[in-house]
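# Per-entry structural report
Here is what each chain is made of, one letter per residue.
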Amino acid sequence: MRILKTQTLRGPNYWSIRRSKLIAMVLDLEELTEKPSNEIPGFYDGLIEVLPSLIEHYCSRGHRGGFLERIQEGTLMGHIVEHVALELQELAGMPVGFGRTRETSTPGVFNVVFEYVEEQAGRYAGRAAVRLCKSVVETGTYPSSELAQDLEDLKELYANTAFGPSTETIIKEAEARKIPWTWLSARAMLQLGYGARQKRIQATLSNSTSILAVELACDKEGTKTMLGNAGVPVPQGTVIQYLDELEQAIADVGGYPIVIKPLDGNHGRGITININDRTEAETAYDLATQASKTRSVIVERYYQGSDHRVLVINNKVVAVAERIPAHVVGDGKSTIKELIEITNQDSRRGDGHDNVLTKISIDPTSKAVLAKQGWSLDSVLPPQKIVYLRATANLSTGGVAVDRTDEIHPENVWLAQRVAKIIGLDIAGIDIVTPDISQPLRETGGVIVEVNAAPGFRMHAAPSYGLPRNVGASVLEMLFPNKAPTRIPIVAITGTNGKTTTTRLTAHIYRQTNKVVGFTATDGIYIQEYLVEKGDNTGPYSAGAILRDPTVEVAVLETARGGILRSGLAFDSCDIGVVLNVAADHLGLGGIDTIEQMAKVKAVVAETVKPDGYAILNADDPLVAAMAQKLNCKVAYFSMNPDNQIIIEHSRRNGLAAIYENGYLSILEGKWTLRVEKAVNIPMTMKGMAPFMIANALASCLATFAQGVDIELIRRGVRTFETTAEQTPGRMNLFDVDDYHVLVDYAHNAHGYKAVGDFVRNWQGTKIGVVGGPGDRRDEDLISLGNISAQIFDQILIKEDQDFRGRASGEVADLIVKGICQVNPNVNYEIVLNETDATNKALAGAKTKDLVVIFPEQVNLAIELIKQRIKQI
């Protein structure tokens, strides 16, 4: 048993629309192909001994233990690997549940698909599941040490990529509100929303956070000066740079007790509180200077009271927490060291910020704090005696948080909101020391000791004690007030042929609305008319580039089969999903062997449409029209036949449609017919002689009309869109070369050849074809190209692509010749394998009124050869 291929799906995909995070493994069962689990001695007992928790898997039986019943009765190893991969992730703290196992067209080779939380952990779980199952098959068990290592590795992979608690709080609320989010590659930034409607956040700094305010908050003395001048109660203090200034500074603040901290510190680093003598003060000074980049130190008066963090978002107090330093409580028998170990066993405690609480560490600081209280790690505390291990109350050093949001006095609320305004922070963490937060600071003698930019949310979203506060919601309400939109219109276009032309026309029509349009196509990523990145960009990477761009107001995304299968879609939903057609191309690749399976791939786009959006379906293609049965959105059809029964019935129900009738491209809206334009006036239709181009135009008109584009703008768009080599390279580019013409089209499958043939047959003159096909297509597909070529052309030059895609030189040409001879063995054909040579030969032999049709692998090269010949005239 071995893994042949592993793919990570990150968006809606062939296997599931709703569960987008899937690992898809291609698994060869090899010698286990014909061995169900009930025929493998000791396998059942060995597996449940290693993973007894598999009893919780319902499987298709729908009840606890259902999966184990399947193993006892007999199921193949691919199915078992799927469940083991899921269970390993569950045991490592990653809740998952979805899986699918299906045999491919190759006997013994299976697609094993299962859900993941973190993709590297998911891929690891797949490999570990195969190792585990092989071991149980071969030895009857799997060493407990190896299972423990697998789980440890999975936990480490998860922890290494987990979001910080503040970011996770925001992401969870974004998902609850169906706001799309994207993790950006630079500076750990999170994008919320798409395109021009996006907002960005880094931890708890938003793209609206003032850099001036952040700089001021980081300058603790400057903050204190600003607040003090505004009448806000702040600690009496001063800044020093040298040790010999310490004595005078202590006198200036009124003597002991004092606090010493770095001027530019954070997370409680370098802070010492409640200092009561010179020796302690000098030690604290050294600690503070080590934690300060500027080696500047603040000396402040120490104020008695509890440490409170008040969170202000968008000038409103949203949460208050009392922070209690790391501590242990005596039991009369355990040493402090043992009490720390017991405390750290709390399941809520973890390393760093991974859990609700952080484990308490033993270090020189904690030992010094103990010594100051007269204790050591070996001391046994009396029952209920509380001893602190940190002077500061930061959660990151093992402290705990108690929610006090409902207890803060209204005057203190007013003061905190005013402080955030004075400093200028949209998200501020205000530290207050007071004996009682429920009383005004002016009565308790409390002070505001710090104002923090980028405050942590963990203590509020998951306090140790008290009510959790949904502070993430406050952030999102600030970023997107009054339910402001977070998404831009997305039009996704798929099909076997016509995608690029339809994408470009749709983008062109949208540009008539004066919106900034980003689109992806087989020749590049574009924003407006500008090329952003050259190449075949029809997958999730290119779509993501458009959706991340802050200038884009409308996204039109060509969506090809390959990207859907490799990674899934780049978006969770779209407003318009266009399916142009489904034909026999790319069959036998990527596990897709039948045209029905290909239709399922294309249907992913339609199934991702929002409930209030439109799926635009080709009523003339039965496989496409049938997709409507499984959709949870509105449907609009287009057809070249006004008498199509689907169109007639749909219109009777007041549905939206587009048809070609009486020479017009028309929109049907209920009983009304809205004529867009005559086909002869639309350049891309070749004066109405290219039916497939009319169909593409119908799809674009319908998609944009369904999105509310005015019909006058649609009319202007189709009139001004031309299939020139500059605007749509390789899409019905017609050149006038002296007294003959040349047509360049990227058609590379039977459906595309037939579509071009519908236009070519109308040509008056000799028709010369330069034909070929990709080497990774099936034999029958290449023979079919020969069949069609023999029906279209008077003369044929057969060439081959530069990339043979696994075939020998001449093999593709021989199959095409076979197809030609099946239809018309007397046709004039010649094999010229080099594409450039074949193109030049066809151009050189063309006569008056001839039409040379080139189906190139390299579109730009073919166009360049034609332009060179035009220059020579």
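All figures in this text were calculated on a predicted structure; none of them were measured in a lab. (Residues numbered from 1 in each chain as written. Predicted model: local features only at pLDDT ≥ 70, side-chain atom pairs only at ≥ 80, totals over all residues. Heavy atoms only, no water.)

## Description of the pairing of strand 22 (residues 490-494)
- Of all the five residues making up strand 22, five are buried; the element is thus mostly covered by neighbouring parts of the structure.
- Here strand 22 shows no split at all, with Ile490, Ala492 and Thr494 on one side and Val491 and Ile493 on the other all buried.
- Pairing between strand 22 and strand 26 (residues 554-558): four bridges, direction parallel. Bridging across to strand 26, Ile493 finds its partner in Glu558.
- Of the strand pairs in this sheet, strand 22 and strand 27 (residues 574-579) are connected by four bridges, and their pairing is parallel. The residue bridging Ala492 from the neighbouring strand is Gly577, located in strand 27. (Buried < 20%, exposed > 50% of the residue type's maximum accessible area, 1.4 Å probe, protein only. Helix = DSSP H or I, 4+ residues; strand = E, 2+ residues; numbered from the N terminus. Pairing = 2+ DSSP bridges.)

## Regarding a negative patch on the surface
- Taken together, Asp331, Glu338, Glu341 and Asp378 make up a surface patch of like negative charges.
- When its relative accessible area of 36% is taken as the criterion, Glu338 is described as partly exposed. (Patch = residues over 30% accessible without salt bridge, like charges linked within 9 Å, V, L, I, M, F, W, Y side chains within 5 Å. Areas by Shrake-Rupley, 256 points an atom, 1.4 Å probe, with all protein chains shown as cover. Salt bridge = Lys/Arg side-chain N within 4 Å of Asp/Glu carboxyl O. Lys, Arg positive; Asp, Glu negative; His and termini not counted. Charge placed at Lys NZ, Arg CZ, Asp CG, Glu CD.)

## Here's the deal with the packing of helix 3 (residues 77-91) against helix 5 (residues 144-161)
- It is at 9 Å that the axes of helix 3 and helix 5 come closest, and there the two elements cross at 70°. With respect to their mutual orientation, helix 3 and helix 5 come out roughly perpendicular. The handedness of the crossing between helix 3 and helix 5 comes out as right-handed. Across the interface between the two elements, Leu88, Gln89 and Leu91 of helix 3 pack against Leu147, Leu151, Leu154 and Lys155 of helix 5.
- Here the residues of the contact of helix 3 with helix 5 are counted per class, giving five nonpolar, one polar and one charged. (Axes fitted to C-alpha atoms, helices over the stretch in contact; angles between N-to-C directions. Parallel < 35°, antiparallel > 145°, perpendicular 65-115°, else oblique. Left-handed = near helix turned anticlockwise from the far one by under 90°. Contact = heavy atoms within 4.5 Å. Nonpolar A, V, L, I, M, F, W, Y, C, P; charged D, E, K, R; others polar.)

## Things to note about a positive patch on the surface
- A cluster of basic residues, Arg100, Arg102, Lys600 and Lys630, forms a positive patch on the protein surface.
- According to the relative accessible area criterion, Arg100 is partly exposed, its value standing at 33%.

## Considering the pairing of strand 35 (residues 767-771)
- Burial within strand 35 is extensive, with five of its five residues counted as buried.
- Alternating positions in strand 35 separate into two faces, Lys767, Gly769 and Val771 on one and Ile768 and Val770 on the other, with burial throughout.
- The pairing of strand 35 with strand 36 (residues 795-798) spans four bridges and is parallel. Paired with Val771 across the two strands is Ile798, which belongs to strand 36.
- Handedness of the β-α-β unit built from strand 35, helix 26 (residues 779-792) and strand 36 comes out right-handed. (Right-handed = clockwise from strand over helix to strand, strands pointing away.)

## Section: the environment of Ser166
- Structurally, Ser166 can be placed in helix 6 (residues 165-176).
- Here the alpha-carbon distance between Ser166 and Thr405, two residues 239 residues apart in the chain, equals 18 Å.
- In contact with Ser166, not counting residues within four places along its chain, are Thr204, Pro455, Gly456, Phe457 and Arg458.
- Separated by 2.9 Å, the side chain of Ser166 and the backbone nitrogen of Phe457 make a polar contact. (Polar contact = N/O pair within 3.5 Å; in protein donor to acceptor, adjacent residues only side chain to side chain.)

## Re unusual backbone geometry
- Note that the residue after Tyr256, namely Pro257, is joined by a cis bond; omega there is 0°.
- Along the chain, Pro257 falls in the loop between helix 9 (246-252) and strand 10 (258-262).
- Residues other than glycine seldom take positive phi values, yet Met686 does so here, at roughly 55°.
- When you line up the elements, Met686 lands in the loop between strand 32 (672-678) and helix 23 (691-706).
- Using a relative accessible area of 10% as the deciding quantity, one classes Met686 as buried.
- Positive phi is not limited to glycine here, since Met732 has a value of about 55°.
- Positionally, Met732 belongs in the loop between helix 24 (711-720) and strand 33 (733-737).

## Some words on the pattern of salt bridges
- A complete count under the given rule lists 46 salt bridges for this structure.
- Its salt-bridge partner being Arg323, residue Asp307 comes within 3.2 Å of it at the nearest N-O pair. Of this pair, Asp307 sits in strand 13 (residues 306-313) while Arg323 sits in strand 14 (residues 316-324); the two residues are 16 residues apart in sequence, bridging distant segments of the chain.
- On the basis of relative accessible area, Arg323 is assigned to the buried category, the value being 6%.
- Residue Lys841 is joined to Glu830 by a salt bridge in which the shortest nitrogen-to-oxygen separation is 3.9 Å. Taken as a pair, Lys841 in helix 28 (residues 835-845) and Glu830 in strand 37 (residues 828-831) lie far apart in primary sequence, eleven residues in all.
- The partly exposed category is assigned to Glu830, whose relative accessible area is 34%.
- Here the residues in one salt-bridge network are Lys220, Glu221, Lys224, Lys261, Glu300 and Glu450, joined through shared partners.

## A few points about the environment of Trp181
- For Trp181, the location among the structural elements is in strand 5 (residues 181-183).
- The residues touching Trp181, leaving out its near neighbours within four places in the chain, are Phe163, Ile171, Glu175, Leu190, Gln191 and Leu192.
- Here Glu175 takes part through its side chain, which lies 3.1 Å from a polar atom of the side chain of Trp181.

## Thoughts on the sheet that holds strand 37
- Taken in spatial order, the six strands of this open sheet run 33-34-38-35-36-37, and their pairing is mixed. Bordering the open sheet on either side are strand 33 and strand 37, each of which pairs with just one other strand. Between one strand and the next, the sheet's axes are offset by a mean angle of 15°, whatever the strand orientation.
- The sheet contact formed by strand 33 and strand 34 (residues 740-744) spans five bridges and is antiparallel. Bridge pairing in strand 34 places Leu734 opposite Leu743.

Such coordinate-based values are descriptive only and should not be taken to indicate function.
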